[in-house]
Amino acid sequence: MSRPRCACRAPILSIAALFVPHTTTENSDDILRLKILKPLRLTELQTIQVSLMDDIKEDKIDKNSDGLEVESEEHSEGKKIEVDEDRLPSRAMAIHEHIRQDGEKELQRDGMALLWSAIAAGLSMGASLLAKGIFHVQLEGIPGSFVLENLGYTFGFIIVIMARQQLFTENTVTAVLPVMHKPTLSNTGLLMRLWGIVLLGNLIGTAIAAWAFEHMPIFDEPTRNAFVKIGVDVMKNSPGEMFSNAIISGWLIATMVWMFPAAGAAKIVVIILMTWLIALADTTHIVVGAVEIFYLVFNGDVRWHEFLWPFALPTLAGNICGGTFIFALLSHAQIRNDMSNKRKAEAEARAKDAKENQS
């Protein structure tokens, strides 16, 4: 009596057939049958799988992104950035290196991925105008309503940061540290590329959100009037006031980013407190403010050139100054001595090892 055939063999043969390389020889059908009848070994499957993954990697849409690499001492030596606090001279340096590591990843990221993430962030920041406008209507006449109303400002930041979307002002410190660590022309070019893509995406997203708030039948008249009031209050600032207020908000956003590595599970609390303070101080922010002023543009209360001046250009310059030229420079300066001591210690260790090997 013949032994029954195992039912599980067919799936195994089918899986094996998926990994059989194509051939163009005359006897390809016979070869294929032989390979199907004889399942591939695990090592052969792994080799073919690695080859297939390499082919997929070569077929990426944006091949130029593969060539993007931040210039740094670690890359030139084939090492990774050390972020372990126990192996670094100070905790401040551990935070610095952690943020620099994140910055390098962002600088080397695919351009289209950055753009779509930035557009999503711009749309998400519409939640700040939405929440603040609703709170303004619902809390009107209640003591302390100003404080509670500005809590709505935090909603967009919570969504963007917790979802890891690309926000321009967050990158005024994160992506700048690798450039300050090694200020080369190549690194500066990568920073300008990142800033340009993210800012463009943020503005596209905020414009879409503002257009939807104005033209879609979503909100009642009191809420729409609240949106207008919020934007008009921003436009009351002169260009100098826009710039000065934006320096403060850029500084606070950079401070928030600096606190993230040590915040742990309290990250969302840090986001709420720092962005709530930005709103209470009545400062200007290029992305949140863009939603508010775009709403006025689509409403007809403000012209396009007024979006650029007195709002966008002074606010953008202030955010960059506050986040980059003040906070990032000072934060980098405080650990430069630690970095120098670390290099000296590494050099001494290498010299000691060389002497031991010679002896």
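First, a word on what this report is: a plain description of the structure on this page. Values in this document were obtained by computation on a predicted structure and should not be read as measured data. (Residues numbered from 1 in each chain as written. Predicted model: local features only at pLDDT ≥ 70, side-chain atom pairs only at ≥ 80, totals over all residues. Heavy atoms only, no water.)

## A few points about the overall build of the protein chain
On a plain count of helices and strands, the protein chain comes out with 16 helices and zero strands. A burial count over the protein chain gives 44% of its 359 residues as buried. For the protein chain, long-range pairs separated by at least 24 residues make up 78% of all intrachain contacts whose partners lie at least 6 apart in sequence. Summed over all atoms, the accessible surface of the protein chain reaches about 19800 Å², with 61% contributed by carbon and sulfur. (Helix = DSSP H or I, 4+ residues; strand = E, 2+ residues; numbered from the N terminus. Buried < 20%, exposed > 50% of the residue type's maximum accessible area, 1.4 Å probe, protein only. Contact = heavy atoms within 4.5 Å. Areas by Shrake-Rupley, 256 points an atom, 1.4 Å probe, with all protein chains shown as cover.)

## Thoughts on the packing of helix α6 (residues 111-138) against helix α15 (residues 286-299)
Following both chains from N to C, one finds α6 and α15 inclined at 75°, their axes separated by 9 Å at the closest point. Compared by their axis directions, α6 and α15 come out roughly perpendicular. Where α6 abuts α15, its residues G122, M125, G126, S128 and L129 lie against V287, V288, V291, E292 and Y295. Split into classes, the residues belonging to the contact of α6 with α15 amount to six nonpolar, three polar and one charged. (Axes fitted to C-alpha atoms, helices over the stretch in contact; angles between N-to-C directions. Parallel < 35°, antiparallel > 145°, perpendicular 65-115°, else oblique. Nonpolar A, V, L, I, M, F, W, Y, C, P; charged D, E, K, R; others polar.)

## A short note on the pattern of salt bridges
Taken as a whole, this structure holds five salt bridges when the rule is applied. Where E97 meets R100, a salt bridge forms, and the shortest distance between an N and an O atom there is 2.7 Å. Of this pair, E97 and R100 are both found in helix α5 (residues 91-107), three residues apart, which corresponds to roughly one turn of the helix. Assigned by exposure class, E97 and R100 land together as buried. A salt bridge links K229 to D233, with the nearest nitrogen and oxygen atoms 3.0 Å apart. Here K229 and its partner D233 are both found in helix α12 (residues 221-235), four residues apart, which amounts to about one turn of the helix. The exposure class assigned to D233 is partly exposed, which follows from its relative accessible area of 30%. One network of salt bridges, in which partners are shared, links E97, R100 and E104. (Salt bridge = Lys/Arg side-chain N within 4 Å of Asp/Glu carboxyl O.)

## Focus: the packing of aromatic side chains
All told, the structure shown has 12 aromatic pairs when counted by the stated rule. Plain terms: the ring middles of F219 and F227 are 5.1 Å apart, the flat faces sit at 85° to each other, and that makes the pair edge-to-face. Considered together, F219 and F227 belong to a single accessibility category, that of buried residues. Just above the ring of F260 sits the side chain of K267; from NZ or CZ to the centre is 4.7 Å. (Phe/Tyr/Trp six-rings, centres within 6.5 Å; stacked < 30°, edge-to-face > 60°. Lys NZ or Arg CZ within 6 Å of the ring centre and 35° of its normal.)

## Here's the deal with the packing of α12 against α15
For the pair α12 and α15, the least separation of the axes is 8 Å and the interaxial angle reads 115°. The angle between α12 and α15 falls in the class roughly perpendicular. In this structure, α12 meets α15 at a crossing whose hand is left-handed. Across from R224, F227, V228, I230, G231, V232, V234 and M235 in α12, the residues of α15 making contact are E292, I293, Y295, L296 and N299. (Left-handed = near helix turned anticlockwise from the far one by under 90°.)

## Re the nonpolar core
Within the largest apolar cluster, 72 residues are counted, with the highest numbers of intra-cluster contacts made by F157, F168 and F311. Residues in contact with F157, not counting those within four places in the same chain, are M125, S128, M162, L167, I253, I271, T275, H285 and V288. (Core = buried A, V, L, I, M, F, W, Y, C linked by side-chain atoms within 4.5 Å.)

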